[in-house]
Amino acid sequence: MFETMTSAFIDEFPVLRSRKLLFTAFMCFVEFLIGIPCVMNGGMYVLQLMDWYSAAFSLMFISLLECVIIAWVYGVERFLTDIELMVNRRPCFWWKVMWCYVTPMLIFCLLLFNLIMHEAITYNDYVYPRWAIALGWFMALMSVIPVPVLALYTYSQTSGRTVWERVCKGMQPSWEWGPALEKHRMEYKQRLYENGYAHAPPTDDLDLVLCPPPPPPQQQQLAKEKEPLRNEQTALENDCHPL
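Residues numbered from 1 in each chain as written. Predicted model: local features only at pLDDT ≥ 70, side-chain atom pairs only at ≥ 80, totals over all residues. Heavy atoms only, no water.

1. Points about the confidence of the model for the protein
Confidence along the protein averages 79 in pLDDT terms, with 81% of residues attaining 70 or more. By mean pLDDT, the top-scoring element of the protein is helix α4 (residues 93-116) (92), and the lowest-scoring one is helix α9 (residues 206-209) (40). Every residue in residues 200-214 is under pLDDT 50, and counting partners more than four places away or in other chains gives 23 contacts. (pLDDT = per-residue confidence, 0-100. Helix = DSSP H or I, 4+ residues; strand = E, 2+ residues; numbered from the N terminus. Contact = heavy atoms within 4.5 Å.)

2. Looking at the pattern of salt bridges
Counting across every chain of the model gives 5 salt bridges. One salt bridge connects Glu 77 with Lys 96, and the closest N-O pair in it is separated by 2.6 Å. Residue Glu 77 is found in helix α3 (residues 43-87), and its partner Lys 96 is found in helix α4; the two are separated by 19 residues along the sequence. Looking at Glu 77, the relative accessible area reads 29%, which means it is partly exposed. By relative accessible area, which is 23% here, Lys 96 ends up partly exposed. With a closest N to O distance of 3.5 Å, Glu 165 and Lys 169 form a salt bridge. Placement of both Glu 165 and Lys 169 in helix α7 (residues 163-170) is noted, with a separation of 4 residues, approximately one turn of the helix. The class of Glu 165 is partly exposed, set by a relative accessible area of 23%. Residues joined in a network through salt bridges with shared partners are Glu 77, Glu 84, Arg 90 and Lys 96. (Salt bridge = Lys/Arg side-chain N within 4 Å of Asp/Glu carboxyl O. Buried < 20%, exposed > 50% of the residue type's maximum accessible area, 1.4 Å probe, protein only.)

Here it is, written out as structure tokens:
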């Protein structure tokens, strides 16, 4: 979990890549300070408050969003293509079923069950005061609030004639999305172009323009059948034109 957080910051702010060790040490120190209240005399009450709200609601909600966005917005076929590009092997059909149907339904049922069966937090015989319950909901919403905030920001920055058009454009992956290294990025964009996930690439990507996707097998067979006729026609034209 710690590595996921540091990697997200480093990917978002490339200037931190040259100072990864220093940034990792800083994040360790910050989490050390945050963890101090959990080891004091009332630490168990603080830990129970964090576990009661954060793990039960925000974790389930974010997990459900991840499954829905990857499988239905980004596209499970495109995601499988990305994995195939990285490990040189396409995952089997089982993973597609799990990501699209089984996992989202299980997470949704668990989240709905938690909401229906939710009760005020307690620890043994201790009943938490209202300010502590409000603090627990605040901690749970801290990781959820950025999702609608960034969605609204993306919507405001996306052009379109209608609301639905702006929403659809905002949910499309940007052209800058891809591997960090340039050679891998070019291969990734070429793979997207070949599989129909991208339109004609920009003219400044010369390698992509010079390497268009191959024609379908039917066109290849038709071209092979027409090649002898084309050669014969060319020969006849050469015979007809005097030197």
